[in-house]
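# Examining the three-dimensional arrangement
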Amino acid sequence: MNLTSDNSITWRYAKQQVFFNIVRLAALLISAALGGLLLFIIASGIQAISWDFITLPPRDSMTKGGIMPAIVGTFYLTLGAIAIALPLGVASAIYLSEYARQGTIVRIIRIGVNCLAGVPSVVFGLFGLGFFVVYLKFGSSILSGALTLGILILPTIIGASEEALKAVPQTFREASLALGVSKWGTILRIVLPNALPGILTGSILGIGRAAGETAPIMFTAAAFFTAKLPESIFDEVMALPYHVYVLATAGTHIEETRSIQYGTVLVLVALVLGIDLIAIAIRSAMRKRKKW
Amino acid sequence: MVTTANNIIFELKQVNFFYGSTQALTDISMDFEKNRVTALIGPSGCGKSTLLRLLNRMNDLIDGTRVEGEILFEGRNIYNADNDPVEIRRRIGMVFQKPNPFPKSIFNNITYGPRLTGTRNRADLELLVEQSLKQAVLWDEVKDILNKSAMTLSGGQQQRLCIARALAMKPDVLLMDEPTSALDPISTAKIEDLIEELKKNYTIIIVTHNMQQAARVSEMTGFFYLGRLIEYALTTDIFTNPQVKQTEDYITGRFG
Ligand SMILES: Nc1ncnc2c1ncn2[C@@H]1O[C@H](COP(=O)(O)OP(=O)(O)OP(=O)(O)O)[C@@H](O)[C@H]1O
Ligand SMILES: [Mg+2]
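Residues numbered from 1 in each chain as written. Chains lettered and ligands numbered in written order. Predicted model: local features only at pLDDT ≥ 70, side-chain atom pairs only at ≥ 80, totals over all residues. Heavy atoms only, no water.

All names here are of chain B. Contacts to ligand 1 come from Tyr 19, Ala 24, Ser 44, Gly 45, Cys 46, Gly 47, Lys 48, Ser 49, Thr 50, Ile 62, Glu 178 and His 209. One of the side-chain nitrogen or oxygen atoms of His 209 is found 2.6 Å away from an oxygen atom of ligand 1. Here ligand 1 loses 59% of its free accessible area of 630 Å² to cover by the protein chains. Per-element tally for the shell around ligand 1: the top contributor is helix α1 (residues 48-55), with three residues. (Near = heavy atom within 4 Å. Polar contact = N/O pair within 3.5 Å; in protein donor to acceptor, adjacent residues only side chain to side chain. Areas by Shrake-Rupley, 256 points an atom, 1.4 Å probe, with all protein chains shown as cover. Helix = DSSP H or I, 4+ residues; strand = E, 2+ residues; numbered from the N terminus.)

Structure (structure tokens):
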């Protein structure tokens, strides 16, 4: 009797060890893949990086010079996309989780949002071309590109915001409403501030996606080459992901520009990570202030 | 006891209440008197919280609920379409079972409501914080840490803070749903003393599972069972001479 139970404990312990090691291995593999990727990008791109590379426009059919216009373009496009998608996404999430009567219509809206998240990005590009560029006559411009990217990342932001709003304890809402504060006041003063760290997390993912996508801006914003920096939101811009795409597939000097391609990728990754770090810093600062 | 009409602050007439299709309250008619403590007792699920939340329209927040009958507050039916629930909740404060301070400083917890309803002057707010905390017998414990997060207080202190927060709105009525059920005996005693003190100026309606508490703090007691008001009388009568068998069984702990 004693023996069997001892045995079963040993067996359970062994089983547990096996499963622990499996998940540990999975985590390790992912980290290794990510680390390998980063190392590869850094190793391949680092020799292209220089002050001139970051501050000068390309020259000699883009085989020499820098990528300054693409950095600026991607920065504007990403900023524009967030500026459009964040207010709209948060507002939608507030409607869906705080105001709308939970029922069929809300369920349909949610399914719609989720479907939007699964649509291939090139479809957004074509939609942007048809609607913003041609129909609304915004042309190929920062505005069209930012709008297209904004729609692309909207589901991410709505989803994250809804989660963040739901995570705010119901008791906070009740406490505020019971004091005779209106629903809107409660959302503004209690719910949103407490949901903000979560909303920011969602925006981080959105920012990364907006900065890295090629297909949505290909027809709506990105220029093959322009040395001048944009002067208005109706200007075309170069963009990092599109620049890589162009150099790697469409140029006449694909082999000579390898290091520029990797250099551009490295800058893109650094830019996205930089934005992420800023958002993470803001979030953890906020988290420290709010504890419940 | 003489009960004149202007002594009555709440008047319930044949109230039925439904969560969707399930009826939680059936044919409740009862009056609540001004500046008195009324206790609501009864087994779990009998509708005490539901009734309490009817009185400040907190049940409005739940989808699919329905009220029948009349609930008159100072003679006005609070469920009339032209009555703003926000206005009603300002006059009828509520303290919840679990202390629920906001993740803000002690000071900002108290000033949160008043600020949003028009008190902006710093000196006024400071005075209000002091008054409310003194009323809730918390001032001495927190007067030096007003800027610390309310989350760092003990459960009993948090509950008194929630009472202070409700009092800062200068309500006429204080609804308390098992305000001491999450607290230790010392904090409980403090809150009971506080209720004794507050009833001079406020009408208090308190839900409790603690018979001694009901006996100690209240003047009137209502016993509920399965969504009905079984017996409603002076607390001394309910506890010494209950008229209904179910009431007697419940208060003597022979309920089953
Ligand atoms: N949000 C809700 N939706 C549906 N039914 C509910 C809801 N809240 C309460 N009920 C039901 O209404 C009845 C009364 O509940 P209520 O919370 O008022 O009881 P209570 O007397 O306060 O019980 P307790 O002493 O356990 O707090 C119960 O049968 C409960 O299941
Ligand atoms: Mg209850």
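The subject of this paragraph is the nonpolar core. Judged by nonpolar contacts, the single largest core of 40 residues is most densely connected at B:Leu133, B:Ile163, B:Leu174 and B:Ile204. Discounting residues that sit within four places of it in the chain, B:Leu174 has contacts with B:Gly93, B:Met94, B:Val95, B:Ile163, B:Ala166, B:Leu167, B:Leu198, B:Thr203, B:Ile204 and B:Ile205. Core analysis: the next-biggest nonpolar cluster, separate from the first, contains 38 residues, A:Ala70, A:Ala210, A:Ile217 and A:Leu268 among them. (Core = buried A, V, L, I, M, F, W, Y, C linked by side-chain atoms within 4.5 Å. Buried < 20%, exposed > 50% of the residue type's maximum accessible area, 1.4 Å probe, protein only. Contact = heavy atoms within 4.5 Å.)

Another point: the pairing of strand β3 (residues 37-41) of chain B. Residue and element names in this part refer to chain B. Taken across its five residues, β3 has five buried, putting it largely inside the fold. Along β3, one buried face is formed by Val 37, Ala 39 and Ile 41 and the opposite face, lined by Thr 38 and Leu 40, is buried too. Pairing between β3 and strand β8 (residues 203-207): four bridges, direction parallel. Its bridge partner lying in β8, Thr 38 is registered against Ile 205. In this sheet, strand β9 (residues 220-225) lies alongside β3 in parallel orientation, the contact comprising four bridges. Bridge assignment links Ile 41 to a residue of β9, and that residue is Phe 223. (Pairing = 2+ DSSP bridges.)

This next bit is on the pattern of salt bridges. Residues and elements named next belong to chain B. Scanning all chains against the criterion turns up 20 salt bridges over all chains. For Asp 172, the salt bridge is made with Arg 91, and the minimal N-O distance between the two is 2.5 Å. Linking Asp 172 in the loop between α6 (155-167) and β7 (173-177) with Arg 91 in helix α2 (residues 85-91), this pair joins segments that are 81 residues apart in sequence. Lys 199 is the salt-bridge partner of Glu 196, the closest N and O atoms lying 2.9 Å from each other. (Salt bridge = Lys/Arg side-chain N within 4 Å of Asp/Glu carboxyl O.)

Turning our attention to the domain arrangement of chain A. Residues and elements named next belong to chain A. According to the domain assignment, chain A contains domain 1 (2-48) and domain 2 (51-288). For domain 1 versus domain 2, the separation of C-alpha centres amounts to 33 Å. The interface is formed by nine residues belonging to domain 1 together with eight residues belonging to domain 2. On inspection of domain 1 and its partner domain 2, the count reaches zero salt bridges. At the junction of domain 1 and domain 2, the tally comes to zero residue pairs in polar contact (both at pLDDT 80 or more). In terms of residue class, the side of domain 1 that touches domain 2 is built from six nonpolar, three polar and no charged. (Domains from an automatic or database assignment. Nonpolar A, V, L, I, M, F, W, Y, C, P; charged D, E, K, R; others polar.)

Turning next to the confidence of the model for chain B. Scored by pLDDT, chain B has a mean of 91; 97% of the residues are at 70 or more. Interface confidence in the predicted complex, given as ipTM, is 0.90; pTM for the same model is 0.83. (pLDDT = per-residue confidence, 0-100.)

Attention shifts here to the environment of B:Met211. Residues and elements named next belong to chain B. You can see Met 211 is positioned in helix α8 (residues 211-217). On the accessibility criterion, Met 211 (14% relative accessible area) is buried. The spatial distance from the C-alpha of Met 211 to the C-alpha of Ile 251 is 6.7 Å, given a sequence separation of 40 residues. The contact partners of Met 211, leaving out residues within four places of it in the chain, are Ile 41, Phe 239, Tyr 250 and Ile 251.

Turning our eyes to something else, we now look at the sheet that holds strand β4 (residues 65-73) of chain B. Residues and elements named next belong to chain B. Here four strands make up an open sheet; going across it, the order is β2-β1-β4-β5 and the pairing antiparallel. The sheet is open, and its two edges are formed by β2 (22-33) and β5 (76-77), each paired on a single side. Pairing between β4 and β5: two bridges, direction antiparallel. Among the inter-strand pairings, Leu 72 is bridged to a residue of β5, identified as Asn 77. Running over the sheet, α1 touches β1 (8-19), β2 and β4 and is turned about 60° from β2. (Axes fitted to C-alpha atoms, helices over the stretch in contact; angles between N-to-C directions.)

According to the stated counting rule, one finds 14 aromatic pairs over all chains in the structure shown. Aromatic side chains A:Phe75 and A:Tyr76 sit 6.2 Å apart centroid to centroid with 50° between the ring planes, which places their arrangement in the tilted category. Aromatic side chains B:Phe32 and B:Tyr232 sit 6.3 Å apart centroid to centroid with 55° between the ring planes, which places their arrangement in the tilted category. In this pair, B:Phe32 sits in strand β2 while B:Tyr232 sits in strand β10 (residues 228-234), placing the two residues 200 residues apart along the sequence. Given the relative accessible area of 0%, B:Phe32 is considered buried. Judged by relative accessible area, B:Tyr232 falls into the partly exposed class, the value being 24%. Sitting over the face of the ring of A:Tyr99, A:Lys183 holds its NZ or CZ atom 5.1 Å from the ring centroid. (Phe/Tyr/Trp six-rings, centres within 6.5 Å; stacked < 30°, edge-to-face > 60°. Lys NZ or Arg CZ within 6 Å of the ring centre and 35° of its normal.)

Turning to the sheet that holds β3(B), a few remarks are in order. Residues and elements named next belong to chain B. Read from one edge to the other, the open sheet built from six strands follows the order β6-β7-β8-β3-β9-β10, with strand pairing classed as mixed. In this open sheet, the two edge strands, each paired with only one partner strand, are β6 (92-95) and β10. The mean angle between the axes of side-by-side strands here comes to 15°, regardless of whether they run parallel or antiparallel. Here α6 sits on the sheet in contact with β6 and β7, set at roughly 155° to β7.

Moving on, we get to the interface of chain B and chain A. On the side of chain A, 20 residues touch chain B, which itself brings 25 residues to the contact. Both sides together, the interface formed by chain B and chain A hides about 1,800 Å², and carbon and sulfur atoms give 66% of it. Taken together, the connections running from chain B to chain A amount to one salt bridge. Note that B:Arg53 and A:Glu174 form a salt bridge whose closest N and O atoms lie 3.2 Å from each other. Linking chain B to chain A there are four residue pairs in polar contact (both at pLDDT 80 or more). Listing elements by their share of the side of chain B that touches chain A, those giving two or more residues are α2, β6, α3 (106-116) and α6 of chain B. Partitioned by chemical class, the residues of the side of chain B that touches chain A number 14 nonpolar, five polar and six charged. (Buried area = accessible area lost by both parts, 1.4 Å probe.)

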